[in-house]
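A look at the structure
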Amino acid sequence: MSFIRNKPLSSPIQGSLSMDVTLPADAEDTISSVSWSPVANHLAAASWDGKVRVYDVNANDGTARGVAGLVGVAPVLDCDWAKDGSMLVAGDVSKKPHLLHLATGQEAALDPHSAPIRSVRFVEVPGAGAPVLVTGSWDRSIRFYDLRQQRPFAAHDCKERVYAMDAKARLLVVATAGCRIHLIDLQNPTVIAKTQDSPLKHQTKAVAAFPDGKGWATASIEGRCGISAVDDAEASRTNFTFRCHREQPDSRQISKVWSVNDVRFHPVNQSVFTTAGSDGTFHFWDRVAHSRLKGYPSAGSAITSTAFNADGKLFAYAVGYDWSMGAVGNTPQVQTKLMLHPVLAEDAMPKKK
């Protein structure tokens, strides 16, 4: 199902980037992941240059200053914050999860995977009594760490390489190569509750759990996104796929199709979500109304990662090269930037029924 039936894919409302702010990021290579602290406007940006930089962002004027960082020896592929904002984790090509304690600056590493770590998430496991970290790797496994111990207390064989992962409420969703999706109920993390095919036909780029944990979104390289319910009984009311990040056909009826690099749900208006892609654009959507709320023009290069802050009033996005055009597209004209978009009320307001 397409959101906008029998109509051009261009958004009925075009937003402006005129109020967006470029943060003073000094990443020397593409930013692979951005993540906000749940308790403060601290923004972490992980990069292929082997570093994670943490910025304290002033929500009033969008200015930022560096306050902390992790310096590794290998490209960093993902980062995430502990629920209380006290710790930051990074997963990188060195195969180890790296932890940074913000208050002390102390760093630690946990037992490694046997291949690079693609995704990391802090999750809430009932009765755990301590922060729990989940790591997903190209070694085809995910691991659960109680941070009071060096070694994982649980692990799952995912049969294929982990490409993306997200967690909200009781839901952990894991996407792998081969277009497979694993769902784990965090009340029972030692068991994979369900494994199914992706709703999309091509390689998964990103997944995002609903804020209430009752479903998730899947984004892929085919210019398409899917919405799925956890409960099969809700599938008929919830599940659909739609086209996005595609250009209008040219005179030869050829359309450019761009990878959807990220998908994120608004933390307050929970039916609203965003997609961002290799075409350098991002869009706000309403999954319940099956409509696009607002689209924005290209930021100049691919958008590689996005994130809302805790109250949903700031939207961070990283601009850089994502290799979607191969080596020939990696030119000096492609700049690596960390951008801040102020979210207006109408951007994230669900459509009235």
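As shown above, the structure is provided for reference.
Residues numbered from 1 in each chain as written. Predicted model: local features only at pLDDT ≥ 70, side-chain atom pairs only at ≥ 80, totals over all residues. Heavy atoms only, no water.

1. Structural notes on the sheet that holds strand β13 (residues 154–157)
An order of β10-β11-β12-β13 is seen for the four strands of this open sheet, with the pairing classed as antiparallel. Two strands lie at the open edges of the sheet, namely β10 (117–123) and β13, each paired on one side alone. In this sheet, neighbouring strand axes are inclined to one another by 15° on average, regardless of whether the strands run parallel or antiparallel. With five bridges connecting them, strand β11 (residues 132–137) and strand β12 (residues 141–146) associate as antiparallel partners. Directly across from Gly136, in β12, lies its bridge partner Ile142. (Pairing = 2+ DSSP bridges. Helix = DSSP H or I, 4+ residues; strand = E, 2+ residues; numbered from the N terminus. Axes fitted to C-alpha atoms, helices over the stretch in contact; angles between N-to-C directions.)

2. Quick notes on the sheet that holds strand β14 (residues 162–168)
Reading across the sheet, the four strands line up as β14-β15-β16-β17 and stay open at both edges, with antiparallel pairing between neighbours. Of all the strands in the sheet, just β14 and β17 (194–197) have a single pairing partner and so form its edges. On average, each strand axis in the sheet is tilted by 20° relative to the strand beside it, whichever way the strands run. Both strand β15 (residues 171–176) and strand β16 (residues 180–185) contribute to a ladder of six bridges, which runs antiparallel.

3. Regarding the pattern of salt bridges
Evaluated as defined, the whole model comprises 17 salt bridges. Close ionic contact of Arg151 with Asp111 constitutes a salt bridge, the shortest N to O distance being 3.0 Å. Taken as a pair, Arg151 in the loop between β12 and β13 and Asp111 in the loop between β9 (107–109) and β10 lie far apart in primary sequence, 40 residues in all. Residue classification places Arg151 among the exposed residues on the basis of a relative accessible area of 57%. (Salt bridge = Lys/Arg side-chain N within 4 Å of Asp/Glu carboxyl O. Buried < 20%, exposed > 50% of the residue type's maximum accessible area, 1.4 Å probe, protein only.)

4. Here we look at the environment of Ser298
Structurally, Ser298 is set in the loop between β25 (291–295) and β26 (302–308). Note: C-alpha distance between Ser298 and Gly280 (18 residues apart in sequence) is 4.5 Å. Excluding residues within four positions of it along the chain, Ser298 makes contact with Leu17, Asp279, Gly280 and Thr281. Reaching out from Ser298, the side chain makes a polar contact with the backbone nitrogen of Gly300 at a distance of 3.0 Å. (Contact = heavy atoms within 4.5 Å. Polar contact = N/O pair within 3.5 Å; in protein donor to acceptor, adjacent residues only side chain to side chain.)

Any functional reading would require information that these geometric values do not contain.
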